[in-house]
Amino acid sequence: MRALRAWLLRFGGLFGRRRRDRELADEMESHLRMHIEDNLARGMTPAEARRQALIKLGGVEQTKETYRERRGIPFLETLLQDIRFAFRMLRKSPGFTAVAILTLALGIGANTAIFSLLDAFIFRTLPISEPSEVVEITGIDKAADEQSITIPIAAEIEKHQKMFSAMGAYWGDVVLNVDANGALGIADIDGATGTYYSVLGTKPVLGRLLTPDDVALEGGAPNHVVVISYDFWQQHFGGAADVVGKTIRIEKLPFTIIGVTPKNFFGMSRSTTTIALTIPLTTDREITASAGDNDDSGPLHADYIVARMRAGVKVEQVRAQLESLWPGILAETVPANLKPQEQSDYLAMKLSVKRADDQQFMGGRFSRPLYVLMALAGLILLIACVNLATLMLARAAARGHEMSVRVALGAGRWRLAQQLLVESVVLAIASALFGLLLASYGSKAIAELIARQIFIIPTTLEVGPDLHVLAFTALAAILTGVLFGLAPAWDATRTDPNAALQQNSRTMGATAGRFGKGLICAQVALSAVLLMGAGLFVHSLEKLNTTNPGYTKKNMLVVELNSIPGGYDNINDDSYYPELVRRISSLPGVESASTSQLHLGGGYEWTQPVSKVGSTSNNSFAADFATISPGFFRTVGMNVLEGRDFSWQDTKHAPAVAIVSRTLAQKLSPNGDAVGLHIRIGPEGKHDDVCIIGVVSDARIYDIHSANLMVVYIPGLQGYSQWNTLDVRSEANPLTLIPAIRKTVLSMGHEYLMYTKTLRDLDSRAVVQDQVTAMLGASFGGLALLLAAIGLFGLMSYNVTRRTRELGIRFALGAQRNGILKMILGEALALTLTGVAVGVPCALAATRLITHMLFGVTPYDPVTLAAVSFALLAVGALAGYIPARRAMRVDPMVALRHE
């Protein structure tokens, strides 16, 4: 205890001594500064002024040695001193500090928000143990589409492989009816083997996870158990601790809850929480039978095999081994019930092996726009840095006298540069804290917009800041601080203290003014590049919104239907759907109703080859394929141009018929006699001989972006049963019809309303990528304009202040106030024009990279180019006009005395 007390006293004495040393050094510097400035006022040279000051304080050598001794403190303490000094200087200029922090916060926040989305959709690894060691294996057919793998194939792979320490399998993304706590709804369900969770290294929050005994791959009945997700547990059971052991129903089958997965575990999905339940893979047939599908032929299937590689094994080695094993495995596992053509297709299947954390759905769909938006956000940050470099340069020029005195006191040039860089980094770090807050709200808002538009099931996109985002923000702050602090720091190392001490305020900022003008031109040029890209995205979205899709969106309601458990058992399609449409059509306020198996404007195309009967496959056309009911064209506002519409008599017992779009009709029969033509739809199957009975107007039924106007329609009663979309046109607001429609559908006893949306809302799902890109691009463009205006205004205001005496002389010599206005305004416009002249060619070159993201607009769109140039010139004129007006009001007598 005595030793500790002695150590504390010694440490306290050391700390106190250093503090007294710092105070003494500050006091000595204050006295030196005062004496040097007095000597300079008497006309002494800087060197003589410093020498006389040191002599007056008690001797040159002794005082210099004492000063150096007091200042000879460690680097860390020097850095802390610079940080304290930076805070003091920033507090003295609250206006500058507020503008700087806000400007940088917007720039850093924009970059962090976009990086958060990139991190969530692309960079973030799966929430499993060591995801780089896990691979996914699936089949690939002749068309390069993924195909499920049979359980016997998985067993053969496991028997012969030598690369994996564990293997499992699963099927996923199946939406089924779930009754939890008496509330019927839908949920996204995975079926998995008993080793699935052990391969992923997942531990439960409550209870346990699936085991091989639950799944019973070797035979016997699987256990009716279910593992629920953390979100499902919270939403349906309120996070109750006694949830394990409770029962829920999937379709009509009871399942006992055995465990809850961790909060951030979403199966093999990187960023969505749509996987709500996981059940034994072998319950697949029971589930589908309960849902009305009694096909139990053939072996069980899994969408993917998941396997954990042994230590030191690479994915390339896994591919090489499995490719060598693959032909033998296929030959060993050919299902006995396959037809000759199906067997040939089966044996031609290839294998796909990829790392589990490779890019998935969200990353594949949004990677390009997010990378482009990241580039735009980077431009925003660069513009903010140039803006602040201009302001810091002007501020440093105004502090030139102070810096020169510090040099005269013995401070090195790099010491001054360090101090200015520390001030810049302090500003950047403070801005990053605000930027991180802005980014958190911004990225969540964007993610909610995307999730709301894309997913039918309520879905959460996890975009919260993690270590990657925090590291990115910290790095951006430091690099930003260094970047915009380099200009004043470099200028400080070039300043001649002797000349600076002899200069007055009229001449100190000349160099900074010239350099600042160059920075402003660069800022305007960067703004032109950013605005051009943003303008093209906005113009492209406008084109999308004004393009006629071929159907009428107004007063149109789209209702997604889903079967109640067992609702499709023994249903008679030929009588049920005509009656459903008749009842809905007779509701008050309904103009027309129909059913279909497509989502107008949904963005998901179903394409089939269409050719004339008897022609070769080389003469086929890729057409969108849709099954509809009678009255569909009238309901959605399309016109039957030739022939007739479908009727309820066009059932599977009647001759096969189809209606084609005008463009497809012209392709099939250039002479204009497509009605009566017999066509083949698809490579082979039930639509080998179909008679065209009508031609309908063109429409972009699936995707507004698609230029393909070739569509073939078949009656649903001849195609596929159980239509799942009810299309309703109303006389007024269609949302008011939802209660009556829900009651009518439920009264039929087979289906219920899964969700309802207006057709306008559904159309917006197809352009959500364009909406996000245009919205953020426009925001970035507006921010770029604001920053350009702030930078130009700050520079012109500084120049007017610096030239106050000059303006007084001009007025004294007879200059007119309008002439001063034109001179200042002309300088601002000249800087803006120079920036536009440099930026426009750069913008035209850069926008070629985003051609694939534009609709109906070229990268060289003259309207956008003119709008960008006009906006920048208008901002330049406004930013120059305010300082010019202030220059006009300068009092000559006051100006001549200005120093």
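Residues numbered from 1 in each chain as written. Predicted model: local features only at pLDDT ≥ 70, side-chain atom pairs only at ≥ 80, totals over all residues. Heavy atoms only, no water.

## Overview of the overall build of the protein chain
When helices and strands are tallied, the protein chain shows 28 helices and 24 strands. Burial status across the protein chain gives 51% buried among its 899 residues. Summing over all exposed atoms, the protein chain offers an accessible surface of approximately 40,600 Å²; the carbon and sulfur share of this is 57%. (Helix = DSSP H or I, 4+ residues; strand = E, 2+ residues; numbered from the N terminus. Buried < 20%, exposed > 50% of the residue type's maximum accessible area, 1.4 Å probe, protein only. Areas by Shrake-Rupley, 256 points an atom, 1.4 Å probe, with all protein chains shown as cover.)

## Structural notes on the packing of helix α26 (residues 817–846) against helix α27 (residues 862–888)
Between α26 and α27, the shortest axis-to-axis distance is 8 Å and the interhelical angle comes to 150 degrees. As judged from the angle between their axes, α26 and α27 are roughly antiparallel. Between α26 and α27 lies a crossing whose hand is right-handed. For the contact of α26 with α27, the residue count by class is 18 nonpolar, five polar and two charged. (Axes fitted to C-alpha atoms, helices over the stretch in contact; angles between N-to-C directions. Parallel < 35°, antiparallel > 145°, perpendicular 65-115°, else oblique. Left-handed = near helix turned anticlockwise from the far one by under 90°. Nonpolar A, V, L, I, M, F, W, Y, C, P; charged D, E, K, R; others polar.)

## Considering the packing of aromatic side chains
Two aromatic rings, taken as a pair, are described by how far apart their centres are and by the angle between their planes. Under the definition given, this model contains 10 aromatic pairs. A ring pair is formed by Tyr 170 and Tyr 196, whose centres lie 5.4 Å apart and whose planes are at 50 degrees; its orientation type is tilted. Of the two residues, Tyr 170 sits in strand β4 (residues 164–180) while Tyr 196 sits in helix α7 (residues 196–200), which places them 26 residues apart along the sequence. Between Tyr 170 and Tyr 304 the ring centres are 5.6 Å apart and the planes differ by 25 degrees, which places this aromatic pair in the stacked class. One end of the pair, Tyr 170, is in strand β4; the other, Tyr 304, is in strand β12 (residues 304–309), with 134 residues separating them in the sequence. (Phe/Tyr/Trp six-rings, centres within 6.5 Å; stacked < 30°, edge-to-face > 60°.)

## Points about the nonpolar core
In globular proteins that are soluble, nonpolar side chains generally tend to be buried together. Ranked by size, the top nonpolar core spans 88 residues in total, and within it Leu 427, Phe 484, Leu 530, Phe 537, Phe 780 and Leu 872 carry the most contacts. In terms of residue count, helix α13 (residues 361–398) provides more of this core than any other element does, 17 residues in total. Not counting the four nearest positions on each side in its chain, Phe 780 is found in contact with Ala 110, Ile 114, Leu 373, Leu 376, Ala 377, Ile 380 and Leu 530. Counting 27 residues, the second largest nonpolar core, distinct from the first, contains Ile 228, Val 243, Ile 250 and Ile 257. (Core = buried A, V, L, I, M, F, W, Y, C linked by side-chain atoms within 4.5 Å. Contact = heavy atoms within 4.5 Å.)

## Structural notes on α27
Helix length check: α27 (27 residues) gives 38 Å between terminal C-alpha atoms against 39 Å at 1.5 Å per residue, within 8%. Along α27, the sharpest kink reaches roughly 25 degrees, centred on Tyr 881 and followed within four residues by the proline Pro 883. Residues Thr 864, Val 868, Ser 869, Leu 872, Val 875, Gly 876, Ala 879, Gly 880, Pro 883, Ala 884, Ala 887 and Met 888 constitute the buried set of α27. (Expected span 1.5 Å × (residues − 1). Bend = angle between axes of the 7 residues up to and from the residue.)

## Concerning the packing of helix α6 (residues 151–160) against helix α11 (residues 315–332)
Taken N-terminus to C-terminus, the directions of α6 and α11 make an angle of 135 degrees; their axes are 10 Å apart at the nearest point. In terms of axis orientation, α6 runs oblique to α11. Relative to α11, α6 is oriented so that their crossing is right-handed. Of the residues in α11, those in contact with Ile 153, Glu 156, Ile 157 and His 160 of α6 are Leu 322, Leu 325, Trp 326, Ile 329, Leu 330 and Glu 332. When its residues are assigned to classes, the contact of α6 with α11 shows seven nonpolar, one polar and two charged.

## Focus: the pattern of salt bridges
Summed over all chains, the structure comprises eight salt bridges. For Lys 159, the salt bridge is made with Glu 156, and the minimal N-O distance between the two is 3.2 Å. With Lys 159 and Glu 156 both in helix α6 and three residues apart, this pair spans about one turn of that helix. The buried category is assigned to Glu 156, whose relative accessible area is 13%. The partner of Arg 582 in a salt bridge is Glu 579, and the shortest N-O contact between them spans 2.6 Å. Of this pair, Arg 582 and Glu 579 both sit in helix α19 (residues 573–585), three residues apart, which is roughly one turn of that helix. The network of salt bridges with shared partners includes Glu 579, Arg 582 and Arg 583. (Salt bridge = Lys/Arg side-chain N within 4 Å of Asp/Glu carboxyl O.)

## Some details on the pairing of strand β19 (residues 657–661)
For a regular strand, side chains alternate in direction, first toward one face of the sheet and then toward the other. Burial analysis of β19 places five of its five residues in the buried class, the great majority of the element. In this sheet, strand β21 (residues 690–696) lies alongside β19 in parallel orientation, the contact comprising five bridges. By the bridge assignment for β21, Val 657 is matched with Cys 691. Sheet topology note: the β19/strand β22 (residues 711–715) ladder contains two bridges and is antiparallel. Note that in β22 the partner of Val 660 across the bridge is Val 712. (Pairing = 2+ DSSP bridges.)

## Section: a nonpolar patch on the surface
Together, Leu 382, Ile 478, Val 482, Leu 483 and Leu 486 give the surface a local cluster of nonpolar side chains, amounting to about 370 Å² of exposed area. With four residues, helix α16 (residues 467–494) is the single largest residue contributor to the nonpolar patch. Take Leu 382: it is sitting in helix α13. (Patch = residues over 30% accessible without salt bridge, like charges linked within 9 Å, V, L, I, M, F, W, Y side chains within 5 Å.)

## Details of α6
Listing the buried residues of α6 in full gives Ile 151, Ile 153, Ala 154, Glu 156 and Ile 157. Looking at the buried residues of α6, the elements they touch are β3 (149–150), β4, β11 (301–302), β12, α11 and α12 (340–347).

## What to know about the environment of Ala 113
Its location among the elements puts Ala 113 in helix α5 (residues 94–123). Its relative accessible area of 9% is what places Ala 113 among the buried residues. Considered as a pair, Ala 113 and Ser 440 are 327 residues apart in the sequence and their alpha carbons are 6.7 Å apart. Among residues more than four places away in sequence, those in contact with Ala 113 are Ala 439 and Ser 443.

## Structural notes on the confidence of the model for the protein chain
Scored by pLDDT, the protein chain comes out at a mean of 78, with 76% of its residues at no less than 70. Residue range residues 59–73 is modelled with pLDDT below 50. Its contacts to residues more than four positions away, or to other chains, number 23 contacts. A low-confidence stretch, residues 499–512 (pLDDT under 50), is modelled with 28 contacts involving residues beyond four sequence positions or located in other chains. (pLDDT = per-residue confidence, 0-100.)

## A few points about the environment of Val 99
Note that Val 99 resides in helix α5. Separated by 292 residues in sequence, Val 99 and Leu 391 have C-alpha atoms that sit 10.0 Å apart. If sequence neighbours within four positions are ignored, Val 99 has contacts with Leu 391 and Ile 790.

## What to know about the side chain of Ser 563
As for its placement among the helices and strands, Ser 563 is situated in strand β14 (residues 556–563). Judged by its relative accessible area of 6%, Ser 563 falls in the buried class. Engagement of the side chain of Ser 563 in a polar contact is seen with the backbone nitrogen of Gly 567, the distance being 3.3 Å. Ignoring any residue separated from it by four or fewer positions in sequence, one finds Ser 563 in contact with Asn 177, Tyr 568, His 750, Glu 751 and Tyr 752. (Polar contact = N/O pair within 3.5 Å; in protein donor to acceptor, adjacent residues only side chain to side chain.)

## Regarding the environment of Leu 587
Mapped onto the elements of the fold, Leu 587 is located in the loop between α19 and β15 (590–596). Classification of Leu 587 as buried rests on a relative accessible area of 14%. Along the chain, Leu 587 and Ser 730 lie 143 residues apart, while their C-alpha atoms are 9.7 Å from each other. Apart from residues no more than four positions distant in its own chain, Leu 587 is found in contact with Ala 740, Ile 741 and Thr 744.

## Topic: unusual backbone geometry
Positive phi outside glycine occurs at Ala 216, with the angle close to 55 degrees. Along the chain, the position of Ala 216 falls in the loop between α8 (212–215) and β7 (225–228). With relative accessibility at 14%, the residue Ala 216 sits in the buried group. The phi dihedral of Asn 555 falls on the positive side, at around 55 degrees, and the residue is not glycine.

## A short note on a positive patch on the surface
Taken together, the side chains of Arg 84, Arg 88, Arg 91 and Lys 92 make up a positively charged region of the molecular surface. Counting through the fold element by element, Arg 84 comes out in helix α4 (residues 75–92). (Lys, Arg positive; Asp, Glu negative; His and termini not counted. Charge placed at Lys NZ, Arg CZ, Asp CG, Glu CD.)

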